[in-house]
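The lines below spell out each chain.
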Amino acid sequence: MHELRVAPSILSADFARLADEVADVAPAVSMVHVDVMDAHYVPNLTLGPPVVRSLRAATPLFLDAHLMITDPRTYAPQVVAAGADSVTFHPEVEDDPLGLVELLRDVGSQVGVAVRPHQPLSLVEELLESIDLLLVMTVQPGFGGQAFQPEVLPKIAEAVAARERLGARFRIEVDGGISPDTVGGTAAAGADTFVAGSAVFDHLDRPAAARAVLAAAEAGRREAADGGPSAAG
Ligand SMILES: O=C(CO)[C@@H](O)[C@H](O)COP(=O)(O)O
Ligand SMILES: [Fe+2]
């Protein structure tokens, strides 16, 4: 079972002060989540390899890049070369997603694939034995600050079952609308990595906000292990 981790999403940080924003939250976390959007795959435009390179120079934290772009074959290796530790792409844009996973591993990156809320796990079935991370989107990709979609929870449990069946090791990351109020259910279902943008950066005390997400996730996992919230009381 993987250790639980919170990945603050810098999408909700002040882009003019990124290094300071990351340094601010750093005492509470081991990683940050970097949303790369190209205005084609999603209707929003954020940042690319030059910003990842500057972040790499600014922090030793694990950089978890989430590529919401239509051409990951071209840009994912650039994001890795810029210093990302892990790169996650949406596989339906790729003709040969397994080939891209292998290519990225060959250049030394951890690799994830993402599924949108309405996409079934079967979309990534053939990749599960080769990836480090399965990103289960809990909102439609494109923007921070959206409402968590609880109908995604069964897919997390399905991913846990598939991992056991295959003897695979991938982490399960949830992304979108994650807060102390919503994270417990995802941890209970089997998620272990929690992206939180607005729930961290919209607060003055970012380390406390990140720790609150982690504590609620730990409580959710514990309660599930004990047989549900009622068993804990
Ligand atoms: O990938 C995305 C959005 O597409 C995310 O990583 C958001 O940045 C999450 O923001 P919050 O929902 O936590 O505010
Ligand atoms: Fe993301």
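How each quantity is defined
Residues numbered from 1 in each chain as written. Chains lettered and ligands numbered in written order. Predicted model: local features only at pLDDT ≥ 70, side-chain atom pairs only at ≥ 80, totals over all residues. UniProt positions renumbered as here; feature names shortened; annotations may be inferred. Pairing = 2+ DSSP bridges. Helix = DSSP H or I, 4+ residues; strand = E, 2+ residues; numbered from the N terminus. Axes fitted to C-alpha atoms, helices over the stretch in contact; angles between N-to-C directions. Contact = placed C-beta atoms within 7 Å. Buried ≥ 20, exposed ≤ 12 C-beta atoms within 10 Å, placed from the backbone. Expected span 1.5 Å × (residues − 1). Arc of directions from axis to C-beta.

- The protein has the name Ribulose-phosphate 3-epimerase in an unreviewed UniProt entry, where Egicoccus halophilus is given as its organism.
- Heading Catalytic activity (unreviewed entry) of the UniProt record for the protein holds this comment: "D-ribulose 5-phosphate = D-xylulose 5-phosphate".
- In its Function (unreviewed entry) section, UniProt records this for the protein: "Catalyzes the reversible epimerization of D-ribulose 5-phosphate to D-xylulose 5-phosphate."

1. Digging into the sheet that holds strand β3 (residues 62-68)
Link 1 in the chain: Spatially, the eight strands line up as an open sheet ordered β1-β8-β7-β6-β5-β4-β3-β2, and their pairing is parallel. Of all strands in the sheet, those with a lone pairing partner are β1 (5-8) and β2 (31-37), marking the two edges. Put simply, the sheet's adjacent strands are angled 25° from each other on average, direction ignored.
Link 2 in the chain: In this sheet, strand β4 (residues 86-89) lies alongside β3 in parallel orientation, the contact comprising four bridges. Residue pairing across strands places A65 opposite V87, the latter belonging to β4.
Link 3 in the chain: Its contacts with the sheet put helix α5 (residues 153-166) on β6 (133-137) and β7 (171-175), and the angle it makes with β6 is roughly 165°.

2. Digging into the UniProt feature "active site" (unreviewed entry) in the protein
Link 1 in the chain: Within this numbering scheme, the UniProt entry marks D35 and D175 as carrying the feature "active site" (unreviewed entry). The greatest C-alpha distance among the residues just named is 10.6 Å, despite their covering 141 residues of sequence, which places them together in space.
Link 2 in the chain: Excluding anything up to four places from it in sequence, D35 contacts S9, L11, T46, H66 and M68.
Link 3 in the chain: Mapped onto the elements of the fold, D175 is located in strand β7.
Link 4 in the chain: Taking the number of C-beta atoms within 10 Å as the measure of exposure, D175 has 26 and is therefore buried.

3. Notes on unusual backbone geometry
For residues other than glycine, phi is negative in most cases, and the peptide bonds are mostly trans.
Link 1 in the chain: The phi dihedral of A39 falls on the positive side, at around 65°, and the residue is not glycine.
Link 2 in the chain: The class for A39 is partly exposed, based on 13 C-beta atoms found within 10 Å.

4. Points about α5
Each turn of an α-helix holds 3.6 residues, which means side chains three or four residues apart point in the same direction.
Link 1 in the chain: Between its first and last C-alpha atoms α5 spans 20 Å; for 14 residues at 1.5 Å apiece the expected length is 20 Å, and the two agree.
Link 2 in the chain: Within the sequence span of α5, burial applies to L153, K155, I156 and A159. Down the axis, α5 shows its buried residues gathered within 160° of arc, on one side only. Across α5 from its buried face, at more than 90 degrees, point the exposed residues P154, A161, E164 and R165.
Link 3 in the chain: Looking at the packing, one finds that the buried side of α5 touches β6, β7 and α6 (183-189).
Link 4 in the chain: Remark: G167 follows α5 within two positions and exhibits a positive phi of approximately 65°.

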